[in-house]
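# Inside the fold
Here is what each chain is made of, one letter per residue.
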Amino acid sequence: SITDQTGKTYPITAGKITTGTLAAATWAMPRLGAADAPRTRLALISDVHQDVIHDASARLTAFLDQATAWKADGIMEMGDFCVPKPANRAFADLFAAHPGPKFHVIGNHDMDGGFKREQVVAFHGMPARYYAFDLGAIRGIVLDANDKPPGHKSGYPSHIADDQLAWLEAELAKADKPVFIFSHQSLERPDCIKSQEKARAIIHAAKSADGSRKVAACLNGHWHLDHAREIDGIPYIHVNSSSYYWL
């Protein structure tokens, strides 16, 4: 199942993904693996904002403790975790010390203070800015939506460049398990990722040999709210911030 930082679980049952607090919605999940494949549990936390929130370590520790109690197969932080400076090493090590697979997504605030994405990758030991992984019965794809769009002048960029989109298409073509796509920024909100329509076209075109869709769901953080919307049969789910909501 998928688990978020608020303590709510999103169980993946035989052929379905069911969300708890997100409008109590249920969506059909693609069957790409064996029908009796074991359940996979991934615990998610997003937007901890160590550099803003005074008790971020306590919040992260509570999440890690709950992930242990849930016997999660892996954990993921979905961006806006901390900037890659030495003062944040102890905080990041809380996450790094958790047993089992660990995954990071780059958020826009992870580069605050002039840091580069490559420094974030190195700080957390990520395989790359964007990457794919296997975890039990699922295939995960992590995107970096911090590319600069054409003509970008200032502010936080929110874009997935063509080279990354080509990589995404190739990854989906060879996927043989239900795919979950993770990005910090939203592929669903119109005022977010500039190239989201291109990305969604690739995601929705990904089909298995029997014509069923390969992507089970797309998940993001960034907006600090609970929200979910289905587009052409694929659920797009927001993971709320573990720290705060901007008023």
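Structure shown above.
Summary of the structure given here. Since the model is a prediction, treat every value here as computed from it, not as a measurement.

The rules behind the values
Residues numbered from 1 in each chain as written. Predicted model: local features only at pLDDT ≥ 70, side-chain atom pairs only at ≥ 80, totals over all residues. Heavy atoms only, no water. Pairing = 2+ DSSP bridges. Helix = DSSP H or I, 4+ residues; strand = E, 2+ residues; numbered from the N terminus. Axes fitted to C-alpha atoms, helices over the stretch in contact; angles between N-to-C directions. Core = buried A, V, L, I, M, F, W, Y, C linked by side-chain atoms within 4.5 Å. Buried < 20%, exposed > 50% of the residue type's maximum accessible area, 1.4 Å probe, protein only. Parallel < 35°, antiparallel > 145°, perpendicular 65-115°, else oblique. Contact = heavy atoms within 4.5 Å. Nonpolar A, V, L, I, M, F, W, Y, C, P; charged D, E, K, R; others polar. Expected span 1.5 Å × (residues − 1). Arc of directions from axis to C-beta.

### Concerning the sheet that holds strand 12 (residues 215-220)
- What the 6 strands build is an open sheet, ordered 9-10-11-12-14-13; its pairing is mixed. Sheet topology places strand 9 (131-135) and strand 13 (227-231) at the edges, where each strand pairs with a single neighbour. Pairwise comparison of adjacent strand axes, ignoring direction, gives a mean angle of 20° for this sheet.
- Where strand 9 meets strand 10 (residues 138-142), 5 bridges bridge the pair, whose relative direction is antiparallel.

### Here's the deal with the nonpolar core
- Counting 23 residues, the largest nonpolar core has Leu44, Met76, Phe133, Phe182 and Leu219 as the members making the most contacts within it.
- Counting only elements with at least two residues in this core, the list comes to strand 6 (42-45), helix 3 (117-124), strand 9, strand 10, strand 11 (179-183) and strand 12.
- Listed in part, the 22 residues of the second largest apolar core include Cys192, Ala206, Cys218 and Tyr236.

### Thoughts on the packing of helix 4 (residues 162-174) against helix 5 (residues 196-205)
- Where helix 4 meets helix 5, the axes come as close as 10 Å, and the angle between the chain directions of the two elements is 10°. The angle between helix 4 and helix 5 falls in the class roughly parallel. Contacts from Asp162, Leu165, Leu168, Glu169 and Leu172 of helix 4 reach helix 5 at Lys198, Ala199, Ile202 and Ile203.
- Broken down by class, the residue content of the contact of helix 4 with helix 5 amounts to 6 nonpolar, no polar and 3 charged.

### Examining helix 4
- Counted at 1.5 Å a residue, the expected span for helix 4 with its 13 residues is 18 Å, and the 19 Å between its end C-alpha atoms agrees.
- Listed in full, the buried residues belonging to helix 4 are Gln164, Leu165, Leu168, Glu171 and Leu172. Taken end-on, helix 4 shows its buried residues confined to a sector of 120°, consistent with a single buried face. For helix 4, exposure combined with an orientation more than 90 degrees from the buried face picks out Ala173 and Lys174.

### Considerations on unusual backbone geometry
- Of note in this structure, His49 is not a glycine but carries a positive phi near 55°.
- Here His49 is to be found in the loop between strand 6 and helix 1 (56-70).
- Residue classification places His49 among the buried positions, given a relative accessible area of 6%.
- The residue Lys71 is not glycine, and still its phi comes out positive at about 55°.

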